[in-house]
Amino acid sequence: MKPNEPEIPAPSAPTAVTFQVPSISDGRRLWEIARDSRELDLNSSYAYVLWCRDFQNTSIVALVDGRVCGFVTGYIRPERPDTLVVWQVAVDAEQRGKRIAGQLLDGLLDRLAPDVSRMETTISPGNAASIALFTGTAGRRGLEIKSEPLFGPADFPDSHEPEDLYILAAPPR
Ligand SMILES: CC(C)(COP(=O)(O)OP(=O)(O)OC[C@H]1O[C@@H](n2cnc3c(N)ncnc32)[C@H](O)[C@@H]1OP(=O)(O)O)[C@@H](O)C(=O)NCCC(=O)NCCS
């Protein structure tokens with residue numbers, strides 16, 4: 001190729017998604033993704049950075065071309081050591097619809113099995129994508145999903161939407 005001749009771009013490879021345990025340096029991207037979602041409660045940047053240190057083993061990130069494009073943050077419920085509580089899940093808008101969120105949840109549950117077999121999360125009643133995500137995850141994993149009201153408007157000091165509790169657990173035998 002002569003100097004200054006434009007380089008012909010190579011055909012783009014299929015998008016490769018990888019999943020890993022978050023590290024402190026991922027905290028800033030989690031904050032950005034939560035901010036850009038315009039759906040999640042945006043916590044302080046400090047909260048996301050701290051989460052990536054102290055709750056990294058119950059959280060997971062997805063990378064596309066080496067850049068974090070989605071995450072699940074969670075913790076083990078102190079009263080129920082068999083239960084993962086999913087605090088937040090989000091995927092960058094341009095990467096949605098590619099089953100990344102479903103794979104994030106599957107990857108995290110696979111990593112925590114067999115000690116953790118139940119999952120809880122709260123969802124605002126109007127969040128159809130989130131309800132579909134957790135319903136699909138329950139179906140794939142042979143878990144039963146049920147929901148009940150948890151936090152109502154009176155529990156919040158501001159105009160926060162109510163939050164319903166969703167429980168994914170093995171069906172009774
Ligand atoms: C919810 C969210 C994480 C889903 O991410 P995603 O990678 O696009 O989800 P997936 O491609 O893995 O799809 C999971 C399921 O949800 C369904 N789904 C995804 N987006 C949907 C939408 N907008 N409406 C209805 N269903 C939807 C998919 O069809 C799939 O269903 P299936 O398992 O039955 O096939 C993403 O939309 C997001 O980041 N939203 C903003 C943040 C948010 O609301 N987070 C949840 C509250 S904590």
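The written sequence of each chain sets the order in which its residues are numbered from 1. Restriction of local features to residues with pLDDT of at least 70 applies here, the model being predicted, together with a cutoff of 80 or more for giving and counting side-chain atom pairs; totals for whole chains, interfaces and linings are based on all residues. The side-chain values count all of the structure's non-hydrogen atoms but skip hydrogen atoms and water molecules.

Okay, the nonpolar core next. For our purposes a nonpolar core is just a set of buried Ala, Val, Leu, Ile, Met, Phe, Trp, Tyr and Cys residues, chained together by side-chain atoms within 4.5 Å. To sort residues, take the accessible area from a 1.4 Å probe on protein chains only and compare it with the maximum for the residue type: under 20% means buried, over 50% means exposed, and anything in between is partly exposed. Membership of the largest hydrophobic core comes to 25 residues, with the highest contact counts inside it found for Val-72, Leu-84, Val-86, Met-119 and Phe-134. Labels follow the DSSP assignment, with helices taken as runs of H or I lasting at least four residues and strands as runs of E lasting at least two, numbered in each case from the N terminus. Sort the elements by how many residues they give to this core and helix α3 (residues 100-112) lands first, with seven residues. Among residues more than four places away in sequence, those in contact with Val-72 are Ser-59, Ile-60, Val-86, Gln-88, Val-89, Leu-104, Leu-105 and Leu-108. Grouped together as the second largest cluster of nonpolar side chains are ten residues, Leu-30, Ala-34, Tyr-48 and Leu-63 included. Residues are treated as being in contact if the distance between any of their heavy atoms lies within 4.5 Å.

Our focus in this paragraph is the pairing of strand β4 (residues 83-91). Counting buried residues in β4 gives eight out of nine residues, a clear majority hidden from the surface. Note on pairing: DSSP must find at least two bridges between two strands before they are called paired. Two strands pair when backbone bridges link them, and strand β3 (residues 67-76) and β4 are joined in this way by seven bridges, in the antiparallel orientation. Across the sheet, the residue bridging to Tyr-75 is Val-85, located in β4. With antiparallel pairing between neighbouring strands as the criterion, β3 and β4 make up a hairpin whose turn holds six residues. Note on handedness: a clockwise path from strand one over the helix to strand two, with the strands aimed away from the viewer, defines a right-handed crossover. Following the chain from β4 across α3 to the adjacent parallel strand β5 (residues 118-123), one finds a crossover that is right-handed.

This part is about the layout of surface pockets. Of the volumes computed, that of the largest pocket is approximately 1,200 Å³. Only protein atoms enter the calculation, which uses a 1 Å grid: trapped sets of points that fit a 1.4 Å probe without letting it out are cavities, open sets showing protein on both sides within 12 Å along at least five of seven lines are pockets, and any residue with an atom within 4 Å of a point is a lining residue. Around the largest pocket, the lining is made up of 42 residues, and of these Leu-40, Val-89, Asn-127, Ser-130 and Phe-134 lie nearest the centre. Put simply, the parts of the chain that give the lining of the largest pocket at least two residues each are β4, α3, β5, α4 (128-140), β6 (144-151) and β7 (163-169). Charged residues are taken to be Asp, Glu, Lys and Arg, nonpolar residues to be Ala, Val, Leu, Ile, Met, Phe, Trp, Tyr, Cys and Pro, and polar residues to be all remaining types, Gly included. For the lining of the largest pocket, a count of residues per class yields 19 nonpolar, 13 polar and ten charged. Grid points are joined across faces, edges and corners, and a volume is the space filled by probe spheres set on the points.

To continue, consider the packing of α3 against α4. In the contact formed by α3 and α4, the axes pass within 10 Å of each other and the chain directions differ by 50°. With respect to α4, the axis of α3 lies oblique. Between α3 and α4 the crossing geometry is right-handed. The segment α3 lies against α4, with Ala-101, Gly-102, Leu-105, Asp-106 and Leu-109 engaging Leu-133, Phe-134, Thr-137 and Arg-140. Looking at the contact of α3 with α4 residue by residue, the classes come out as five nonpolar, two polar and two charged. Note on geometry: axes are lines fitted to C-alpha atoms, helical ones only across the stretch in contact, with angles between N-to-C directions running from 0 to 180 degrees. Reported orientations rely on four angle classes, namely roughly parallel under 35 degrees, roughly antiparallel over 145, roughly perpendicular from 65 to 115, and oblique for the rest. Helix crossings get a hand from a simple test, with the near helix turned counterclockwise from the far one by less than a right angle marking a left-handed crossing and a clockwise turn marking a right-handed one.

To continue, consider the confidence of the model for the protein. Confidence scores per residue from the predictor, reported as pLDDT, run from 0 to 100. On average, residues of the protein carry a pLDDT of 93, and 92% of them reach 70 or more. Contacts from residues 1-13, a stretch scored under 50 in pLDDT, to residues over four places away or in other chains number two contacts.

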